[in-house]
Structure formats: structure tokens, C-alpha cells
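Listed here are the chains, written in short residue letters.
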Amino acid sequence: MTSSTGLVSSIIDALRASDNGKSMNLKKLRSSVLTEEDKASKKQFKEAVKQLEKDERVSLSSDGELKLSKSERKSADDEPTEKKKKSKKEKKQKKEKKSKKRKDTASSDDEKESKKQKKQDETPEEDDDDVVEEANGDAENNNEEAEAQSDDPADKNKPCKNNPQGITRLFIGNLPFAITETTLNDFLNGSITHLKWITDKETGKFYGSAFAELRNSKDAAKCMQEINGTQLMGRPIKLNYAPPKDLEDWPPKSRVITGGKVANAGGQAGGKGIKAMSVKPEGCSKLFIGNLSYEIDDEGITKFFMTVDAEIKAVRWLFHQDSGDFKGVGYVDFWNTDACEKAATLNGKNLLGRPIRIDWAE
């Protein structure tokens, strides 16, 4: 027969070992605790349960469930003081060990940094600002070059800085008569894909201007920012954005075209030097004048021809329909054919710093 004290301990242990760790059916508990369920053992079990109830260590419900009290469950969860002290000590030792490891690592890092600094001190010093500036400049130039050379059709008319409409066609004015497609393309950083020389619709004479289609909107913006107004063959070149009209066939099928009905006529861009005058029409009293300075005016042209006693009857300057800019050309009427012949002798002579181009006009 189990002692009363031993039986109490067995009951408590059985309840703690139950499925929920706090309660068990009384009959099931008794079967698990008693080795023999005789009358005397059952009586001893009953007395042990009563004693536990009296000590408020357990409670018995009406349905025969014996349950550990809260205080009994709490004491079961508490660790022995010795174990707690040991756990705290172990934690403290681990903490000290980690702290020491960090100090050793920091010391090693300081030593490495010291060696690195010593090596740097022995190396010739370079200006950090210069290095950063150079790196940024190279990166920026590479990015701009990559963007400018993009062949992606989707990027062609993409809005960009200084070109919010994404325009890719430029008007080019004040061109020298000796200009060629190759020279002009090189001047515009090799960005021309199509070129149209602007010429007189009837005579085909070159007006000293052109329309150029560029690779993309970024190329157009770059030309406007960096090239507009700069010198080409001694003349300041004028650039303007010139988007094509709604029904205009642009860009043209051919890479280079002329704007007049007569291709490659006298005065056409791509030639060299002063062009020889065409055959004089009978009784002609009118001249075409080209390659004029943008500073020319009625008074200036009148004085120029009066140097050979050629009195002007009327003068008509030509302007671009798209931009309204002066084309650098015009027509001059004289009072008679003799005055016209005198004026024609000035072909190629210098007027406001530029050799004037003269030809007969009907």
C-alpha cells in the first residue's frame, strides 16, 4: 500500500502529466495512480484527494473531473532557484564572450585600416573633387552619346530637353554656295539622314538654305544648342526647328533632293566657287542676286550697283514661307538693258564681306 504522502505526490504528478497538464477524470486518475484497486487502496486514494482539496491544491467538479489549482499549476511552471541562477550565469557568460569577440574584431579592423591609411599616405595624393568630376563627366558624356546614337524608332521623335515637341527637322540658313552635303553633315555632327536644298522653283538656283532631317530629337536639340550661330566656311549658320506640314511628304525618299523643278541648275548647292552666268535673254533688264549678307538693305544694294553707274528701278527680297527668314537672295530691276549689263559685271564681287552671286532673270 502506498503511503499517504507518496499518494498525494503521485496524484499531483499524474495531473501534471495529463493531456492538458492540469486535470483528469477521477476514475481514470485513480487507475493510473493505484497499483491495486482494492477497498483499502481506494479509501486511501479518496482521503488523499480530500486532503488536496483541503489544502486547495486541487478541486473536484460535479462531473468527476479533478483539476489542479492555479497556484499548483504556477508552481509547476516555476524553475528551481538553482536552475534560474545557473541560466542567468550562462547568459551573462555568453554576453561577455560576444562582447569580447566584437572587441577583437574591431581591433583587427582598426589594424587593417591603419595599414591601408599608411599605404595611402605613401601614394601620391589625387584631388577627390577632380576624380569625382572626371568620373561624372565621363558617365554623362557616355550616356549622351549612347542616347544620341540610339536607332530605336520609338526614340526618334521623343520629347527631350530644349526640344519638348520632339522635332527632328531643322531649317538651315545663310549657307555658302560652295557647301556640299558631306561638309554640312560633318558640321552637324554626322546626324543628317535626309537633306533638301532650297532652290528657286523655276530656275533651280540655290538660295543658300536647306531643310535637314536628323536622326532623332536629341540630335536636333544638340545642334540648336551648340551649333546655331557658329561659323561654317566663314558664315554664321542660322538654325530653326521646322516641323513638316501635315500633308508634306517628309522625309523624302532620296537622301538628298533639291527644292526646285530644275535639278543641278546654276547656283545649286554642292558646286565650287562662283558660278558662270547663264546666257543673257534678249533685252533682259532684271538680275537674280544671291549669297547676300543678312545685313543687306535697299540702300546698300543701290549704292553697290551705282559703283558701275547701274541705276536700280526696283528690288524684291525673298523670304522663307515657313519661317519668314530672309533667304539671302532677291531680284533687281533696272531701267534698261544697258544698266543691267553694267550691274552684271559685279558678279563675284565682295558685298558686305560676301561674294555676290549674279545671274540673268526673266
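(A) The overall build of the protein, seen in detail. From N to C terminus, the protein includes 10 helices and 16 strands. Classification of the 362 residues of the protein by burial places 35% in the buried group. Sequence-distant contacts, at least 24 apart, represent 69% of the contacts inside the protein between residues at least 6 apart. Looking at the protein as shown, the accessible area adds up to about 23,100 Å², and 47% of this sits on carbon and sulfur atoms.

(B) View of helix H1 (residues 4-16). For H1, spanning 13 residues, the distance from its first C-alpha to its last is 19 Å, which sits close to the expected 18 Å at 1.5 Å a residue. Among the residues making up H1, those that are buried are Leu-7, Val-8, Ile-11, Ile-12, Ala-14 and Leu-15. One face of H1 carries all of its buried residues, which in axial projection span an arc of 165°.

(C) Representation of the packing of aromatic side chains in the model. A complete count under the given rule lists eight aromatic pairs for this structure. One aromatic cluster is present, built from ring pairs that chain together Tyr-294, Trp-317, Phe-319 and Phe-326. A cation over an aromatic ring shows up here: Arg-169 above the ring of Phe-211, its NZ or CZ 4.2 Å from the ring centre. The ring of Tyr-331 is capped by Lys-286, whose NZ or CZ atom sits 5.1 Å from the centre of that ring.

(D) Spotlight on the sheet that holds strand S10 (residues 256-258). Read across the open sheet, the five strands follow the order S9-S4-S6-S5-S10; overall the sheet is mixed. At either end of the open sheet lies a strand with only one pairing partner, and these are strand S9 (238-241) and S10. Pairs of neighbouring strands in the sheet enclose a mean axial angle of 20°, with direction left out of account. Pairing of strand S5 (residues 192-199) with S10 involves three bridges; the strand directions are parallel.

(E) Expanded view of the environment of Ser-209. Within the secondary structure, Ser-209 is located in strand S6 (residues 206-214). Taking the C-alpha atoms as reference points, Ser-209 and Lys-196, 13 residues apart in sequence, are found 8.8 Å from one another. In contact with Ser-209, not counting residues within four places along its chain, are Phe-171, Ile-172, Gly-173, Leu-175, Trp-197, Ile-198 and His-320.

(F) View of the environment of Thr-5. One can find Thr-5 in helix H1. When the C-alpha atoms of Thr-5 and Ala-48 are compared, they prove to be 8.1 Å apart, with 43 residues separating the residues in sequence.

(G) Layout of the sheet that holds strand S12 (residues 312-319). Pairing in this open sheet of four strands is antiparallel, and the strands run S12-S13-S11-S16 from one edge to the other. The sheet terminates laterally at S12 and strand S16 (357-360), the two strands that pair on one side only. Taking each pair of neighbouring strands and ignoring which way they run, the sheet shows an average axis angle of 25°. Two elements, strand S11 (residues 286-290) and S16, share four bridges in a ladder whose sense is antiparallel. Residue pairing in the sheet places Phe-288 in a bridge with Asp-359 of S16. Along the sheet, helix H9 (residues 298-306) makes contact with S11, S12, strand S13 (326-334) and S16, crossing S12 at roughly 130°. Sitting on the sheet, helix H10 (residues 337-344) touches S11, S13 and S16, and the angle it makes with S16 is about 145°.

Criteria and thresholds
Residues numbered from 1 in each chain as written. Predicted model: local features only at pLDDT ≥ 70, side-chain atom pairs only at ≥ 80, totals over all residues. Heavy atoms only, no water. Helix = DSSP H or I, 4+ residues; strand = E, 2+ residues; numbered from the N terminus. Buried < 20%, exposed > 50% of the residue type's maximum accessible area, 1.4 Å probe, protein only. Contact = heavy atoms within 4.5 Å. Areas by Shrake-Rupley, 256 points an atom, 1.4 Å probe, with all protein chains shown as cover. Expected span 1.5 Å × (residues − 1). Arc of directions from axis to C-beta. Phe/Tyr/Trp six-rings, centres within 6.5 Å; stacked < 30°, edge-to-face > 60°. Lys NZ or Arg CZ within 6 Å of the ring centre and 35° of its normal. Pairing = 2+ DSSP bridges. Axes fitted to C-alpha atoms, helices over the stretch in contact; angles between N-to-C directions.

Shape descriptors only; they carry no functional weight alone.
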